[in-house]
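Structural overview for review
Residue-level listing of the chains:
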Amino acid sequence: MNKLNQYVEEDMTKTYKLQGLDCANCLAKMERKISKLKGVKSVTSNFFTEKMIIEADDGLMPEIEEAALKIIKKYEPQVVFEEA
Amino acid sequence: MKKLLWRLIISAIFFVSAIIINDSQLKLIMYIISYILAGGDVVKRAIENIKNGQVFDENFLMSVASIGAFFIGEAPEGVGVMLFYQIGEMLQSYAVGQSRRSISSLMDIRPDYANVLRNGEVLTIPPEEVEIGEIIVIKAGERVPLDGIVVEGNSMLDTSALTGESLPREVITGSELLSGCINMNGLLNAKVTKSYSESTVNKILELVENASSRKSKSEKFITRFARVYTPVVVVIAVVLAIIPPLIIKGATFNEWIYRSLAFLVVSCPCALVISVPLSFFGGIGGASRNGILVKGSNYLESLAKTEIIVFDKTGTLTKGVFKVQKIHSEKIKPEELLKLAAYAESYSNHPISLSLKEAYKKDIDIEKISQVEEISGHGVSAAVENIKVLAGNDKLMEKFKIPYNKETSEGTLVHIAADGEYAGYILIADKIKDDAFEAVSDLRKHNIKDIVMLTGDSESVAINTARELGIDRVYAGLLPADKVEKVEELISQKSKKVTLMFVGDGINDAPVLARADVGVAMGALGSDAAIEAADVVIMTDEPSKIAKAIEIAKNTIKIAYQNIIFAISVKVIILVLSTLGLASLWAAVFADVGVTFIAVLNAMRALRLNN
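Residues numbered from 1 in each chain as written. Chains lettered and ligands numbered in written order. Predicted model: local features only at pLDDT ≥ 70, side-chain atom pairs only at ≥ 80, totals over all residues.

1. Thoughts on the overall build of chain A
This is how it is decided: Helix and strand definitions here come from DSSP, where helices need a minimum of 4 consecutive H or I residues and strands a minimum of 2 consecutive E residues; each element is numbered from the N-terminal end. Residue burial is a threshold on neighbouring C-beta atoms within 10 Å of the residue's own C-beta, all placed from the backbone, with 20 or more meaning buried, 12 or fewer meaning exposed, and counts in between meaning partly exposed. Residues are defined as contacting one another if the C-beta atoms placed from their backbone atoms lie within 7 Å.
Of the regular secondary structure elements, chain A holds three helices and four strands. Scanning chain A from its N terminus toward the C terminus, one meets helices and strands in the order α-β-α-β-β-α-β. Taking all 84 residues of chain A together, 30% fall into the buried category. Partitioning the contacts of chain A with sequence separation of at least 6, the portion at a separation of at least 24 is 66%.

2. Brief notes about the sheet that holds strand β1 (residues 11-19) of chain A
All names here are of chain A. For the record, the criterion: For two strands to count as paired, DSSP must find a minimum of two bridges between them. Here an angle of 0 to 180 degrees is reported between the N-to-C directions of two axes, which are lines fitted to C-alpha atoms, with helices fitted over the stretch in contact.
Here four strands make up an open sheet; going across it, the order is β2-β3-β1-β4 and the pairing antiparallel. If you trace the sheet from one side to the other, it starts and ends with β2 (40-46) and β4 (80-83), each paired once. This sheet shows a mean twist of 20 degrees between the axes of neighbouring strands, independent of strand direction. Bridge count for β1 against strand β3 (residues 51-57) is seven bridges, and the pairing is antiparallel. Paired with Thr-15 across the bridge in β3 is Ile-53.

3. Let's talk about the interface of chain B and chain A
Applicable threshold: Basically, the charged four are Asp, Glu, Lys and Arg, the nonpolar ten are Ala, Val, Leu, Ile, Met, Phe, Trp, Tyr, Cys and Pro, and anything else, Gly included, counts as polar.
Between chain B and chain A, the contact holds 21 residues from the first and 14 residues from the second. Ranked by residue count, the leading element in the side of chain B that touches chain A is helix α9 (residues 270-289) of chain B, at six residues. Here the residues of the side of chain B that touches chain A are counted per class, giving ten nonpolar, eight polar and three charged.

4. A short note on the nonpolar core
Proteins that are soluble and globular tend to have nonpolar side chains buried together. Residue and element names in this part refer to chain B. Just so we agree on the cut-off: The term nonpolar core refers to a group of buried residues, namely Ala, Val, Leu, Ile, Met, Phe, Trp, Tyr and Cys, whose C-beta atoms join them within 7 Å. Either an automatic procedure or a domain database provided the assignment from which the domain bounds are taken.
Ranked by size, the top nonpolar core spans 172 residues in total, and within it Val-265, Val-310, Val-520 and Val-536 carry the most contacts. Ranked by the residues each element gives to this core, the list is headed by helix α21 (residues 585-609), at 15 residues. Here this core spans two domains, and each of domain 1 (114-209) and domain 2 (290-319 + 432-555) adds at least three residues to it. Once you skip the residues sitting within four places of it in the chain, Val-265 turns out to touch Met-62, Ala-65, Val-81, Leu-585, Ala-588, Val-589 and Asp-592. Counting 29 residues, the second largest nonpolar core, distinct from the first, contains Ala-341, Ala-382, Ala-391 and Leu-396.

Written as structure tokens, this is what we have:
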């Protein structure tokens, strides 16, 4: 039980703004790709509020952010990706 | 956007001229100019994306389809595809922009600043920077930035953004102040009780924004569909371009390539991917405008399938405001009886105890009470000035084997025994909410088969209330745990396809809310516990909002289904017709961008309908 708690505490949730999103299908693809990154627990995004919520391992967050940015740029280069 | 519009207009002029001109060489040059103007950036993006390792995107497929048309000698079609694709994209991005604006205006309850009083000076700072305990100043016309308590001033508050209710609410010194409301006239000073992130307005915004992460079945279906749709359509296109000319006598490559290009044009599932989530998001947004928070698209789906509604009685269908109506004492004076009851119940916050205290009027000297023991679902036992008092319902009397007055009446009887001897009863009655009648009759119109009422009250009270409201079934005398059991029993009896909804006040019935298919908490404005426990939260205490919530859910689902059926069937029809050589590339372009545009407009209705 104790171990489980520690594990849960290491997860963190961050919300990002994806300014200039154009294509909903691309967002779906980004979401899928990002959710497969190492350490990512869940990704949800909303095309209309242009937001993405990433729940991931605290320690891996910087790497995940970097990889996520790459994925986003690959599909929609014009998107500005920043923490909300 | 404007630049693109001009480019498309010029491109269209070249396109029309090319059609009119007779000289075949000049014609082709005009077509090429028109094409570059219309679709140059699409081709450029396609190439860039391939370099990034991203091949089958919309840009690529459109480029292949249009350039392919040029190669098989169908230049007008090639230009037309690109021109119409771009016009469609423009309309679509306009529609998306519009919906984004509607959504953000819907969420426009976020306070931008707070006027905080620091060292005798009023500073304007972001609400996030205000700390608990600080004094904020809210002028007329301003939005309340944080939850607090009024320390000075009085005013009327417009709560409509939170509750959907147009009637203003009065606040005076000492009143609770909820963030997100608008101060209509007076100047208010308030002491902050919650940080911004814990304040009502932020909680509501977070809830609505995160609601889209709990996806409905339709959305999950679309996601799965989109993943396989594009590859399948592209593979069929390739097969269609190559196989028939090889096996069918007289079939030419040109003709079959033309047919296959239509497949590439309709290969984006965009219409579905945009419009279905938008329908749900619009539904959730529209509901929140009505003071109904739906915590996820999946709950909209369950709401729409509701056939059984289980209401908790007190505080949900009735006001939950109890008043002492009658004091019947035996052997002791009525005032003495009331005193014993008020003292014995003084530790409880139950509505009945509060009404006893209210009727007693005098202050309660806590020193005089000892050995208080609450007996859940029965009442309380306590020692008041050395008298052993039992106060509670008939079950309590039976438990202690005390003969009592078995009179039945409309209301709750609190029996009191002093030192083991029956001393009389106090009649306390509740009132049915004004809109409860309307609520029940509205629900009947929404295909609700079964309305059930659960209550901890006695059977006589319960049956009376139910009869007045026209409720089918009543289960009375239930302890909190019995309510869970009853709901479980009802769930096990129903078909899995229909939803059982439980409606309660969200304070004492969290386990029941959790157990029901959809748990609705009512009167939840400002109550975190209720917001936490429920799937659907009704900010006001009006049961008539239940029917509204179901109506919104049904509208939303209908719109989402319309879009799914419309988009898929148009695409399938175009694919079949193209295969048979009966549809042109023009029709295919319509099936792609035209359908998306129409589907987005339709999805927007989900927002408007519910406002």
